[in-house]
Amino acid sequence: MFFDPGSHKQHGLRHDPFKAIVSPRPIGWISSVSADGRHNLAPYSFFNAMSYGPPIVAFGAGNRPGGGKKDSIRNIEETGEFVHNVVSYALSDKMNETSVHIPHGESEFEHSGLEGLPCTKVKPLRVKGSPIHLECRYMQTVDLPSWHEGGSNSMIIGEVIGIHIDEAVIKDGLVDVLTYQPVSRLGYFDYAHITDVFAVARPKE
Ligand SMILES: Cc1cc2nc3c(=O)[nH]c(=O)nc-3n(C[C@H](O)[C@H](O)[C@H](O)COP(=O)(O)O)c2cc1C
């Protein structure tokens, strides 16, 4: 099968398969705060690490339904900071609850009954119970095209400037994904968590 993206008639499938094809994706669970101090939390699965030295992460956002930038993007561009909270299997439902569109300024922390902990170098809160938090300094927004008239997509890039790791997930000097089981996004309404790990040695040069 071959088709042009966006041409539903051509692929003939029940849903656009693109998000299922680029999967599994880690879920950026992004906390931010507005200039007037209102805390925000939302999942973004167009998320990944872009480099290691220095550590840089990026995530992609569309518009709010009805138009305009999503709250996370507004906050991050206003205040220059955000936090990525790793979603453990135990937190999957809470993560999903924080995807609701509530009015700008209302907090998803309160809405979903999550507690926020202070960060070390940045103002947004980090999610209590999340095993790992990446404190990030906003670097830039890359504007991306949108198929929707008047819409926009953006890629938000940030440098990781502080890392919190729960000691309970460190085993033998390594971060143990089998302990906290990070959740990833597949296509459709599907998710995955890690229950099996295998190692592969790099080929000798
Ligand atoms: C698992 C999951 C992944 C999501 N990934 C994205 C994404 O990559 N980009 C996006 O714009 N919205 C994504 N959403 C929807 C946002 O979380 C949702 O629009 C949210 O209300 C945005 O919140 P904010 O306006 O407080 O930033 C995702 C939702 C879920 C449940």
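Up top you'll find the structure we're talking about.
Residues numbered from 1 in each chain as written. Predicted model: local features only at pLDDT ≥ 70, side-chain atom pairs only at ≥ 80, totals over all residues. Heavy atoms only, no water.

### Digging into the sheet that holds strand β5 (residues 55–61)
Piece 1. In spatial order, the strands read β3-β2-β6-β9-β10-β5-β4; together these seven strands make up an open sheet with antiparallel pairing. Sheet topology places β3 (39–44) and β4 (47–52) at the edges, where each strand pairs with a single neighbour. Each strand axis lies, on average, 35 degrees off the axis of its neighbour in the sheet, ignoring direction.
Piece 2. As paired elements, strand β6 (residues 81–85) and strand β9 (residues 132–144) share five bridges and run antiparallel to each other. The partner of N85 across the bridge, within β9, is H133. (Pairing = 2+ DSSP bridges. Helix = DSSP H or I, 4+ residues; strand = E, 2+ residues; numbered from the N terminus. Axes fitted to C-alpha atoms, helices over the stretch in contact; angles between N-to-C directions.)

### Things to note about the packing of aromatic side chains
Piece 1. Evaluated as defined, the whole model comprises two aromatic pairs.
Piece 2. On the basis of an interplanar angle of 50 degrees and a centroid distance of 4.9 Å, the ring pair of Y44 and F59 is categorised as tilted. Placement of the pair is Y44 in strand β3 and F59 in strand β5, with a sequence separation of 15 residues.
Piece 3. The exposure class of Y44 is buried, given its relative accessible area of 7%.
Piece 4. What makes F59 buried here is its relative accessible area of 1%.
Piece 5. Ring geometry for F59 against F82: centres 5.7 Å apart, planes inclined by 75 degrees, an arrangement best described as edge-to-face. Of this pair, F59 sits in strand β5 while F82 sits in strand β6; the two residues are 23 residues apart in sequence, bridging distant segments of the chain. Residue F59 shares its accessibility class with F82, and that shared class is buried. (Phe/Tyr/Trp six-rings, centres within 6.5 Å; stacked < 30°, edge-to-face > 60°. Buried < 20%, exposed > 50% of the residue type's maximum accessible area, 1.4 Å probe, protein only.)

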